[in-house]
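Summary of structural features
Here's the letter readout for the chains.
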Amino acid sequence: MTAAIAEKGAQVPAPADGETPPPARRKARQRKLDDGPPRWQIYVPLGIYLLFTLIPFYWMLLFALRPSGSTSLVPWPMTGEHFEKVWNERSFGTYFLNSTQVGIASMVMTMAVALAGGYALARFRFRLKNAFMLALLCSQFIPGALMLVPLFETFRNLQLINSMWSVIIAETVFQLPLSMILISGFIKNVPESLEEAAWVDGCSRLRAFMAIVLPMLRPGLIAVGSFAFVHSWNHFLFALMFLSSQEKQTIPVGLNTLIGSDSVDLGALAAGGVVAAVPVVIIFAFIQKWLITGFSAGAVKG
C-alpha cells in the first residue's frame, strides 16, 4: 500500500503557470529562501581568509624548524638548533621571564584599578560623569609615542628608569581607560537589586560586591585580563625606552636584537617569534569560551 501511495505521489502533475503550488512545495521553497545564501558563498571567503592567516604562521614554523641553508618547503628533517640558539645564546629565557613578570603584574594592577573605577562608573551618579567617560574614550586616540618624553622625565625623577616597574606602570596606565569602560558595562548587567538584597541582610557594600557581583563578573574579568596581559606581552616601545640593561629586556626587544644592520638570522628570528607567540596562543585557546561570553555580556549595556 505504501508503494502505491508513493507511486501516486510521484505522478502528481506540476502546477501550471499562474496556479498556486501545493502547501508542501510552498513550505519547501520558503525554507530554501530562509536558509540564506549557498554555503559556498560563505566557505570560500572564509577559506581564503584562513589561508592568508595561516600562511605566515606556517612560514615562521618552516624557518624555525628546518636546518640552516635549507630551501625545502617542508620542515623535514626537523631541527631544534634555532630554538637552542635563541634560548641559550640570545638570552631568550631571561626575556621570557621578564615578559611574564611585566604581563602578570600589569594585568593584576589593571584589573584591580579597573574594578574600582568601573564599579563607580556603573553604580554611582556624580557630576561630569559623561564628560569623564568621554575623556576615557578620547584617551584611546593618543599614541604611546607622544607620551614617551613626559613619561621618561617622570620615571627619571622617581628613579625608575631601568626598572621593571616603569614598564609595568606605563602599561597599566595606558590600558586602564578601555578596561574601566568594559568592566563598567559588565557591572551594569548585574541587577542592582541583588546588591540591595544583600544590604538588607546586613552586608556592607564591599562585602556585597565581593559575594554577589564579583563572581558574576568572571567572564568579563577574564576577557579584560587576557587582553591586558597580551598587550603588555607584545608591547615594544616602553620596554625599549625605559629599560637599558639587557638582563631586564622583554621578548619584543629581544626579537629586535636578532635583526642586524648587515644580515638577519631568519632561523633564529623565526624561532624567537614562535617562542613569543606560543604563550599567547595557549592562553586564548584556554579562555576562548569565557572570552566570547565576557565580550557579549559587556556589549549588552554600556
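Anyway, here's the lowdown on the structure attached to this text. (Residues numbered from 1 in each chain as written. Predicted model: local features only at pLDDT ≥ 70, side-chain atom pairs only at ≥ 80, totals over all residues. Heavy atoms only, no water.)

1. Quick look at the overall build of the chain
Applicable threshold: A run of DSSP states H or I qualifies as a helix once it reaches four residues; a run of E qualifies as a strand once it reaches two. Both are numbered from the N-terminal end. For each residue, the accessible area found with a 1.4 Å probe, counting protein chains only, is set against the maximum for its type, and the residue is called buried under 20%, exposed over 50%, and partly exposed in between. Areas reported here follow the Shrake-Rupley algorithm with a probe of radius 1.4 Å; residue values treat only the protein chains shown as occluding.
Scanning the chain from N- to C-terminus turns up 14 helices and 0 strands. Counted from the first residue to the last, the chain has its helices and strands arranged as α-α-α-α-α-α-α-α-α-α-α-α-α-α. Taken across its 302 residues, the chain has 33% of its residues classed as buried. For the chain, the exposed area adds up to about 19,000 Å²; of that, 67% sits on carbon and sulfur atoms.

2. Some points on the environment of methionine 109
Note the following rule: Note on contacts: a residue pair qualifies if any of its non-hydrogen atoms lie within 4.5 Å across the two residues.
Looking at the secondary structure, you find methionine 109 in helix H5 (residues 92-123). On the basis of relative accessible area, methionine 109 is assigned to the partly exposed category, the value being 29%. C-alpha of methionine 109 to C-alpha of alanine 228: the two residues are 119 residues apart in sequence and 9.7 Å apart in space. In contact with methionine 109, not counting residues within four places along its chain, are Trp165, Ile168 and Thr172.

3. A look at the side chain of histidine 82
Take histidine 82: it is sitting in helix H4 (residues 81-89). Note on histidine 82: relative accessible area 5%, which makes it buried. Once residues lying within four places of it in the same chain are set aside, the contact partners of histidine 82 are Phe63, Ala64, Arg66, Pro67, Ser68, Gly267, Ala268 and Ala271.

4. Some words on the pattern of salt bridges
Applied cut-off: By definition here, a salt bridge exists when the distance from a side-chain nitrogen of Lys or Arg to a carboxyl oxygen of Asp or Glu is within 4 Å.
Under the defined criterion, the tally for this structure stands at 2 salt bridges. The closest approach of N and O atoms between glutamate 195 and arginine 123, which form a salt bridge, is 2.6 Å. Of this pair, glutamate 195 sits in helix H9 (residues 192-200) while arginine 123 sits in helix H5, placing them 72 residues apart in sequence. For glutamate 195, a relative accessible area of 0% puts it in the buried group.

5. A word on unusual backbone geometry
Phi angles above zero are rare outside glycine, and serine 91 is one such case at about 60 degrees. Looking at where serine 91 falls in the secondary structure, it is placed in the loop between H4 and H5. Judged by its relative accessible area of 25%, serine 91 falls in the partly exposed class.

6. Section: empty space enclosed by the protein
Our working definition: Using protein atoms alone on a 1 Å grid, points that fit a 1.4 Å probe yet trap it form a cavity, whereas open point sets bounded by protein on both sides within 12 Å along at least five of seven lines form a pocket; residues with an atom within 4 Å of a point count as lining. Grid points are joined across faces, edges and corners, and a volume is the space filled by probe spheres set on the points. Residue polarity follows a fixed list, in which Ala, Val, Leu, Ile, Met, Phe, Trp, Tyr, Cys and Pro are nonpolar, Asp, Glu, Lys and Arg are charged, and the others, Gly among them, are polar.
The full count for this structure, using the stated rule, is 1 cavity of 30 Å³ or more. Of the pockets and cavities examined, the largest cavity occupies roughly 60 Å³. In terms of lining, the largest cavity is formed by Ser99, Val102, Gly103, Val167, Glu171, Ser232, Trp233, His235, Phe238, Ala239, Thr250 and Pro252. Every element with two or more residues in the lining of the largest cavity is listed here: H5, helix H8 (164-188), helix H11 (218-234) and helix H12 (237-242). No other element matches the 3 residues that H5 contributes to the lining of the largest cavity. By residue class, the composition of the lining of the largest cavity is 6 nonpolar, 5 polar and 1 charged.

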